[in-house]
Amino acid sequence: MLARVIASSRPCALRALPRLGAMRFLESDGQIPDQSEQAFGRRKMELEAEARGEILFNRDPIVPPEGAGTKENPILVPSEFDERVVGFEDPEVHQLQWFNLKSGALYYVPILDKYFKLHPIENAPVVTVDHH
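Calculation rules
Residues numbered from 1 in each chain as written. Predicted model: local features only at pLDDT ≥ 70, side-chain atom pairs only at ≥ 80, totals over all residues. Heavy atoms only, no water. Helix = DSSP H or I, 4+ residues; strand = E, 2+ residues; numbered from the N terminus. Buried < 20%, exposed > 50% of the residue type's maximum accessible area, 1.4 Å probe, protein only. Pairing = 2+ DSSP bridges. Axes fitted to C-alpha atoms, helices over the stretch in contact; angles between N-to-C directions. 1 Å grid on protein atoms, 1.4 Å probe; cavity = no way out; pocket = protein on both sides within 12 Å on 5 of 7 lines; lining within 4 Å. Points joined across faces, edges and corners; volume = space filled by probe spheres on them. Nonpolar A, V, L, I, M, F, W, Y, C, P; charged D, E, K, R; others polar. Phe/Tyr/Trp six-rings, centres within 6.5 Å; stacked < 30°, edge-to-face > 60°.

What about the environment of asparagine 58?
Alright, step 1. Relative to the helices and strands, asparagine 58 is located in the loop between helix H3 (41–51) and strand E1 (75–79).
Alright, step 2. Under the relative-accessibility criterion, asparagine 58 is labelled exposed at 52%.
Alright, step 3. Linking asparagine 58 and proline 78, residues 20 residues apart in sequence, is a C-alpha distance of 9.9 Å.

Brief notes about the pairing of strand E3 (residues 96–102)
Alright, step 1. Both strand E2 (residues 83–89) and E3 contribute to a ladder of seven bridges, which runs antiparallel. By the bridge assignment for E3, glutamate 89 is matched with leucine 96.
Alright, step 2. Between E2 and E3, which follow one another and run antiparallel, lie six residues, and histidine 94 among them has a positive phi close to 55°.

Looking at the sheet that holds strand E4 (residues 106–109)
Alright, step 1. On the basis of which strands lie adjacent, the open sheet formed by three strands has the order E1-E5-E4 and mixed pairing. What marks the edges here is a single partner per strand, and that holds for E1 and E4. For this sheet, the mean inter-axis angle between neighbouring strands, taken without regard to orientation, is 30°.
Alright, step 2. Where E1 and strand E5 (residues 114–120) come together, five bridges link them in parallel fashion. Across the sheet, residue valine 77 finds its bridge partner in E5, namely leucine 118.

Some words on the layout of surface pockets
If a probe the size of a water molecule is rolled over the atoms, the empty space left behind becomes visible.
Alright, step 1. Taken as a whole, the largest pocket encloses approximately 780 Å³ of empty space.
Alright, step 2. Around the largest pocket sit 27 residues that line it, and Asn58, Arg59, Val77, Pro78 and Arg84 are the ones nearest its centre.
Alright, step 3. Looking at the lining of the largest pocket, the elements with two or more residues in it are H3, E1 and E2.
Alright, step 4. Sorting elements by how many residues they give to the lining of the largest pocket places E2 first, with six residues.
Alright, step 5. A class-by-class count of the residues in the lining of the largest pocket yields 16 nonpolar, three polar and eight charged.

What to know about the packing of aromatic side chains
Alright, step 1. Inspection of every chain in the model, using the stated rule, returns four aromatic pairs.
Alright, step 2. For the pair tyrosine 108 and tyrosine 115, a centre-to-centre distance of 4.6 Å together with 40° between the ring planes defines the contact as tilted.
Alright, step 3. Here tyrosine 108 falls in the partly exposed class, since its relative accessible area comes to 33%.
Alright, step 4. Chaining the aromatic ring pairs together yields one cluster made of Phe88, Phe99, Tyr107 and Phe116.

Here's what the structure looks like:
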């Protein structure tokens, strides 16, 4: 009896689902748009720079020179802005920790026993956001 109820309810459940063909996933030419056609703001700038063979946002880790990280010789973190979010891996629990580094200030990370300082870079790109 239960098997008959389940079997008879299945077609109703399938009829209630929307047909994927009725939804619009494709462009007018029948192609699925890629991310360069949908991106805007900073992501669009980054994709355009990559197409030219340039790197707009460097995500490589900072490997400080030997002896850097002291109060007299802090690790310099490059930034085109007055503030930057910096992440590091906690050596004890292997999880990421984050802090805000502001221009002109030293930041001490006790777990690493290291000092960090923002290093200003000139010629910051002008960011415009096109919402259309």
